[in-house]
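Residues per chain are reported as follows:
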Amino acid sequence: RTPERSPRTPEGATLAPEQLRSARWFSGDHLRAFSHRSRVRQLGYGPEEHAGRPVIAILNTWSDINPCHMHLRERAEQVKRGVWQAGGFPLEFPVATLSETFQKPTPMLYRNLLAMETEELLRSYPVDGAVLMGGCDKTTPALLMGAASAGLPAVFVPAGPMLRGHWRGTTLGSGTDLWKYWDDKRAGLIGECELAELECGLARSPGHCMTMGTASTMTAAAEALGVTLPGASSIPAVDSGHHRMAADSGRRAVELVWRDTKVTDILTREAFLDAVTTVLALGGSTNAVIHLVAMAGRCGVELSLDDFDAVARRTPVLANVRPGGAHLMEDFHRAGGLPALLAQLGGLLHTDRPTVSGATLGEQIAGAASHDEDVIRPLADPLSPEGGLAVLHGNLAPDGAVIKPIAADPALLGHTGPAVVFDGYEHMQAVVDDPALGITADTVLVLRGAGPVGGPGMPEYGMLPIPAHLLERGVRDMVRVSDARMSGTSYGTCVLHVAPESHVGGPLSLVRDGDRITLDVAARRLTLRVDDTELARRRAAWKPPSPHFDRDYGALYAEHITQADTGCDFAFLSRPGRDPEPNPR
Ligand code: FES
Ligand code: MG
């Protein structure tokens, strides 16, 4: 009944239909295969539509609650179209959606849950390859971590940025302008009418944030890694080019199965280094540090904070996109998108490596040009010669911390000031505006209890608010230090991801009001100016805070989460080991 070779098996296929993973479920003369085939008939497909075709799972993070993915329900139909055209058999799997705006305490708590769901669905079902549909912040790393661990061929379909926002003749960037105008409101510069209009203008179409936030950063990283089709990551969600890219991705997934190209064949150390270079040239989100380290861990690739710092020192920022620059993703797309940016970087990349398109990265970007050199700068005229990221060490961050110098006031990159410490977000919110704290523009604001375990989930609290009385006096940046993350759409002199975090006894837990802290970005140092004997005394008196969870996923999370410098994966997911294929009989 199963044809020897599918009529549409492409030239160059290295697998025959009977070697497909799904054939273990569907072919042969035994009870289970017969049962599985009968259930495909129940799905409404005849043997001629199914037998011998690669099964492509479309993992879709669409949900009514996720405005960034609201178009993916329909877009999956275009992926299916492509899979059918290439002779595959598409099956859509709804998977957990992680909506950056709505999910509390933070979707970061659930990145590893979606990664686990992705891996286990791919492993336990008769699947030969996957199309992964995501884009809103954590969905991209989660889907790719799971697909890498499952070890199947996969193509990533980025959700695409939303259209640019508008307000009274200016353009608005989601996230970035939210922070900006909220500060204007706190400073008394705008009122209720303006806010009501801004509410409607900040995000006005399907798609992920259209600034260079975590979503645009991570989908661009996916493209640079080679797991999307070329140019895919910047196509606006509502552009008809997005439909065509989706169909094309479906076709490619089928080809990858026949050629037995697994996602881990593409995700090499060279690919990760190029993704780091890309993120830095984009002036991308600091969250990419955590996600790329975690993704590399799933691929058995060594990638450390030191790699980021080394790459940052040689990588100019070329993308003039908010929050670091002036434009938005729609402009970036019009200027040529990521291939145009990668073409500028040329010699900094490993161009001779495979991608899901079948071409090498070099072939993919050959001839790509910037059509607007204000948006995608040439190497000779960067937005900044470096400064996309700096990794700091010192007695306050023994395992490292990060800062995004281009998002900071240059005058604060070398600064010593007295600490004012907040124990958790609620404490900070309650007291930060109180003039009695004596906070001045020189103060170093410290937030602790906001790390992977303490947050929990390492929420994006790292852009601590400037006290209102300072805002009114025109202060718009201060040195801030925390074990939290920061939204990719945020900005400021914010030292983030301090590791180890305070909740597990990192030195951040020992800081007291009035201690002097020195930030020295040029020397890559973060120093608590308190002597070792005093610190030892404080450490002896330190009591660990009580855990957040007694039961449920939160307890599992708290037990297994790793610190920021190693990517906040679960230790049991990132370690190597045996992974038995299920026996479909
Ligand atoms: Fe989804 Fe910003 S809220 S990408
Ligand atoms: Mg975000």
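Owing to the predicted nature of the structure, the values given are computational and were not obtained by experimental measurement.

What counts, and where the lines are drawn
- Residues numbered from 1 in each chain as written.
- Chains lettered and ligands numbered in written order.
- Predicted model: local features only at pLDDT ≥ 70, side-chain atom pairs only at ≥ 80, totals over all residues.
- Helix = DSSP H or I, 4+ residues; strand = E, 2+ residues; numbered from the N terminus.
- Rg over C-alpha atoms; globule rule 2.2 N^0.38 Å.
- Buried ≥ 20, exposed ≤ 12 C-beta atoms within 10 Å, placed from the backbone.
- Contact = placed C-beta atoms within 7 Å.
- UniProt positions renumbered as here; feature names shortened; annotations may be inferred.
- Axes fitted to C-alpha atoms, helices over the stretch in contact; angles between N-to-C directions.
- Parallel < 35°, antiparallel > 145°, perpendicular 65-115°, else oblique.
- Left-handed = near helix turned anticlockwise from the far one by under 90°.
- Nonpolar A, V, L, I, M, F, W, Y, C, P; charged D, E, K, R; others polar.
- Core = buried A, V, L, I, M, F, W, Y, C linked by C-beta atoms within 7 Å.
- Expected span 1.5 Å × (residues − 1).
- Pairing = 2+ DSSP bridges.

1. Some remarks on the overall build of the protein
- Scanning the protein from N- to C-terminus turns up 22 helices and 14 strands.
- Against the 2.2 N^0.38 benchmark of 25 Å for 585 residues, the protein shows a C-alpha radius of gyration of 24 Å, consistent with a compact globule.
- Projected onto its principal axes, the C-alpha positions of the protein cover 80 × 55 × 45 Å.
- Counting over 585 residues, the protein shows a buried share of 55%.
- Taking contacts inside the protein between residues at least 6 apart in sequence as the whole, the part at least 24 apart equals 78%.

2. Comments concerning the UniProt feature "domain: Dihydroxy-acid/6-phosphogluconate dehydratase C-terminal" (unreviewed entry) in the protein
- According to UniProt, the feature "domain: Dihydroxy-acid/6-phosphogluconate dehydratase C-terminal" (unreviewed entry) maps to residues 374-568 in the numbering used here.
- Measuring from the first to the last C-alpha atom of residues 374-568 gives 36 Å, for a span that is 16% helix and 22% strand.

3. Notes on the environment of Ala16
- As for its placement among the helices and strands, Ala16 is situated in the segment before α1 (23-26).
- According to the C-beta neighbour criterion, Ala16 is partly exposed, with 14 such atoms within 10 Å.

4. A word on the packing of helix α4 (residues 72-85) against helix α10 (residues 240-259)
- Interhelical geometry of α4 versus α10 gives an angle of 40° and a closest axis separation of 7 Å. Judged by the inter-axis angle, α4 sits oblique to α10. Judged by the twist between their axes, the crossing of α4 over α10 is right-handed. In this structure, α4 contributes Arg75, Gln78, Val79, Lys80, Arg81, Gly82, Val83 and Gln85 to the contact, and α10 contributes His242, His243, Ala246, Ala247, Asp248, Ser249, Gly250, Arg251, Ala253 and Val254.
- Its residues assigned to classes, the contact of α4 with α10 comprises 6 nonpolar, 7 polar and 5 charged.

5. Overview of the environment of Pro465
- With respect to the helices and strands, Pro465 occurs in the loop between β10 (444-448) and α19 (468-472).
- Its 20 C-beta neighbours within 10 Å are what place Pro465 among the buried residues.

6. A few points about the packing of helix α9 (residues 214-225) against helix α13 (residues 287-298)
- Relative orientation of the contacting elements α9 and α13 amounts to 35°, with a least axis distance of 10 Å. Both α9 and α13 take part in a crossing whose hand is right-handed. Only Asn287, Ala288, His291 and Leu292 of α13 make contact with α9, whose side of the interface consists of Thr214, Thr217, Met218 and Ala221.
- For the contact of α9 with α13, the class distribution of residues is 4 nonpolar, 4 polar and no charged.

7. A short note on the nonpolar core
- If you look at the biggest cluster of nonpolar residues, it comprises 170 residues, and the most contacted ones within it are Ala130, Leu132, Ala147 and Leu292.
- Here Leu292 is in contact with Ala221, Phe272, Ala275, Val276 and Leu303, once residues within four sequence places are set aside.

8. Brief notes about the UniProt feature "domain: Dihydroxy-acid/6-phosphogluconate dehydratase N-terminal" (unreviewed entry) in the protein
- Following the UniProt record, the feature "domain: Dihydroxy-acid/6-phosphogluconate dehydratase N-terminal" (unreviewed entry) maps to residues 53-363 here.
- Helix makes up 48% of residues 53-363 and strand 9%, and the two end C-alpha atoms of the span are 29 Å apart.

9. Concerning unusual backbone geometry
- Residue Pro456 follows Gly455 across a cis peptide bond; omega there is -10°.
- With respect to the helices, strands and loops of the structure, Pro456 is situated in the loop between β10 and α19.
- Pro500 follows Ala499 through a cis peptide bond whose omega is -5°.
- By the element assignment, Pro500 lies in the loop between β12 (494-495) and β13 (516-520).
- Residues other than glycine seldom take positive phi values, yet Arg168 does so here, at roughly 45°.
- Looking at where Arg168 falls in the secondary structure, it is placed in the loop between β5 (165-167) and β6 (170-172).
- Looking at Arg168, the number of C-beta atoms within 10 Å reads 9, which means it is exposed.

10. What about α4?
- Compared with the 20 Å implied by 1.5 Å per residue over 14 residues, the 20 Å span of α4 between its first and last C-alpha is a close match.
- Taken together, the buried positions of α4 are occupied by Leu72, Arg75, Ala76, Gln78, Val79, Lys80, Gly82 and Val83.
- Considering only its buried residues, α4 is in contact with β1 (55-60), β2 (89-94), β3 (129-134), β4 (154-158) and α10.
- Immediately downstream of α4, the backbone of Gly87 shows phi near 90°, a positive value.

11. Comments concerning the sheet that holds β1
- In space, the 4 strands of this open sheet follow the order β2-β1-β3-β4, with parallel pairing throughout. The strands lining the two open edges of the sheet, one partner per strand, are β2 and β4. The sheet shows a mean angle of 20° between the axes of neighbouring strands, taken without regard to direction.
- Relative to β4, β3 is paired through 5 bridges, and the arrangement is parallel.

12. Considering the pairing of strand β9 (residues 414-423)
- Where β9 lies against β13, 5 bridges are found, and the strand directions are antiparallel. Each bridged residue has a counterpart across the sheet, and for Thr416 the counterpart in β13 is Thr518.

13. Let's talk about the pairing of strand β11 (residues 479-482)
- Residues Val479 and Val481 line one face of β11 and the alternating positions Arg480 and Ser482 line the opposite face, and both faces are buried.
- One ladder, built from 4 bridges, connects β10 with β11; its direction is parallel. In the strand pairing of β11, Leu445 is matched with Arg480.
- Across 2 bridges, the pairing between β11 and β12 is parallel. Paired with Arg480 across the strands is Cys494, a residue of β12.

14. Details of the environment of Ile466
- Note that Ile466 resides in the loop between β10 and α19.
- Those residues in contact with Ile466 that sit more than four places away from it in its chain are Leu471, Val475, Arg476 and Met478.

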